[in-house]
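# Remarks on the overall topology
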Amino acid sequence: MPSHAHIRRRTRSTRRGAPTLLDSIETRFRLLAAGPKPLTVDGRRVGGGLPQRPIRLPELSSILMHPSCPYTARDTVWRLLVAKARSGDARWVVGAVGVALPGLRFKAYLLSQLSAGDVQAALVEAFLRALRTADIDRPGVVSKLLSATFSAARATLRATEPAASGENT
């Protein structure tokens, strides 16, 4: 399995200095977390072994990715993130996408092996749809979000690629 650093390199633009869509989202996400009123999740309310204080979203993303984070805490946090993203506050949509960036980068890496299309745009569009429609009452919220995102993005990319007829032209 490729490392996180390898995935980050593979999902960045090959042109020097040109940020990708996911890079631009990450920049906005980090700015939201650094501002005077950063987006946070209250670890006291979530429980599940999270630090008992307000947690800025970039730190929360790292905590959720760590193998020691219980699945119940991940599900509770993702239910909260999806609900906040659905509230109509665009900052929370960026926040949810930002927390999902490690998973989205991995899915972008996988899709880049299958398609030459605009993988990142297809993934972000599919993730935004999944945020609006995901069933958050069942376990495995983030896994289901990312699986639905991957499947929808793959279908979109396949639909935009020229059909391989096998004929020589």
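As the structure is a prediction and not an experimental result, all values here were calculated from the model.

One broad rule of soluble globular proteins: the nonpolar side chains tend to lie buried together. Leu57, Leu60, Trp78, Leu81, Phe127 and Leu145 are the most contacted members of the largest nonpolar core, which totals 47 residues. Contributing elements (two or more residues each) for this core: helix H2 (21-34), helix H4 (57-65), helix H5 (71-85), helix H6 (90-99), helix H7 (101-112), helix H8 (119-133) and helix H9 (141-160). Discounting residues that sit within four places of it in the chain, Trp78 has contacts with Leu64, Ala96, Val99, Ala100, Phe127, Val141, Val142 and Leu145.

Burial of H6 is extensive: seven of the 10 residues sit out of reach of the surface. Turning to H6, its buried residues number three or more, namely Trp92, Val94, Gly95, Ala96, Val97, Gly98 and Val99. Elements in contact with the buried residues of H6: H2, strand E1 (40-42), H4, H5, H7 and H8. One side-chain oxygen of the residue at the start of H6 lies 3.0 Å from the amide nitrogen of Arg91, identifying that residue as Asp89.

Mapped onto the elements of the fold, Ser61 is located in helix H4. Using a relative accessible area of 8% as the deciding quantity, one classes Ser61 as buried. At a separation of 3.1 Å, a polar atom in the side chain of Ser61 contacts the main-chain carbonyl oxygen of Val99. With residues near it in sequence (within four places) discarded, Ser61 still touches Gly98, Val99 and Pro102.

For the protein, per-residue confidence averages 88 on the pLDDT scale, and 86% of positions sit at 70 or higher. The low-confidence segment residues 9-15 (pLDDT under 50) makes 13 contacts with residues lying over four places distant or belonging to another chain.

Our next topic: H8. In this model H8 runs 21 Å from its N-terminal to its C-terminal C-alpha over 15 residues, within 8% of the 21 Å that 1.5 Å per residue would give. If you follow the buried residues of H8, they end up packed against H2, H5, H6, H7 and H9.

This part covers the pattern of salt bridges. Per the stated rule, a full pass over the model turns up eight salt bridges. Among the ionic pairs, Arg105 bridges to Asp23, the shortest N-O distance being 3.1 Å. In this pair, Arg105 sits in helix H7 while Asp23 sits in helix H2, placing the two residues 82 residues apart along the sequence. Side by side, Arg105 and Asp23 carry an identical accessibility label, which is buried. Shared partners join several salt bridges into a network, and the residues in it are Asp23, Glu26, Arg30 and Arg105.

Topologically, Arg79 is positioned in helix H5. Arg79 sits in the partly exposed class, given a relative accessible area of 26%. Along the primary structure Arg79 and Asp135 are separated by 56 residues, whereas in three dimensions their C-alpha atoms are 9.2 Å apart. Arg79 has contacts with Ile136, Asp137, Arg138, Pro139 and Val141, leaving out every residue within four places of it along the chain.

Moving on: the packing of aromatic side chains. Scanning the model with the defined rule gives one aromatic pair in all. With a centroid separation of 6.5 Å and an interplanar angle of 85°, the aromatic rings of Trp78 and Phe127 are classed as edge-to-face. Within this pair, whereas Trp78 is found in helix H5, its partner Phe127 is found in helix H8, the two being separated by 49 residues in sequence. Note on Trp78: relative accessible area 3%, which makes it buried. The ring of Trp92 has Lys84 lying over it, and the distance from NZ or CZ to the ring centre is 4.8 Å.

Conventions and cut-offs
Residues numbered from 1 in each chain as written. Predicted model: local features only at pLDDT ≥ 70, side-chain atom pairs only at ≥ 80, totals over all residues. Heavy atoms only, no water. Core = buried A, V, L, I, M, F, W, Y, C linked by side-chain atoms within 4.5 Å. Buried < 20%, exposed > 50% of the residue type's maximum accessible area, 1.4 Å probe, protein only. Helix = DSSP H or I, 4+ residues; strand = E, 2+ residues; numbered from the N terminus. Contact = heavy atoms within 4.5 Å. Polar contact = N/O pair within 3.5 Å; in protein donor to acceptor, adjacent residues only side chain to side chain. pLDDT = per-residue confidence, 0-100. Expected span 1.5 Å × (residues − 1). Salt bridge = Lys/Arg side-chain N within 4 Å of Asp/Glu carboxyl O. Phe/Tyr/Trp six-rings, centres within 6.5 Å; stacked < 30°, edge-to-face > 60°. Lys NZ or Arg CZ within 6 Å of the ring centre and 35° of its normal.

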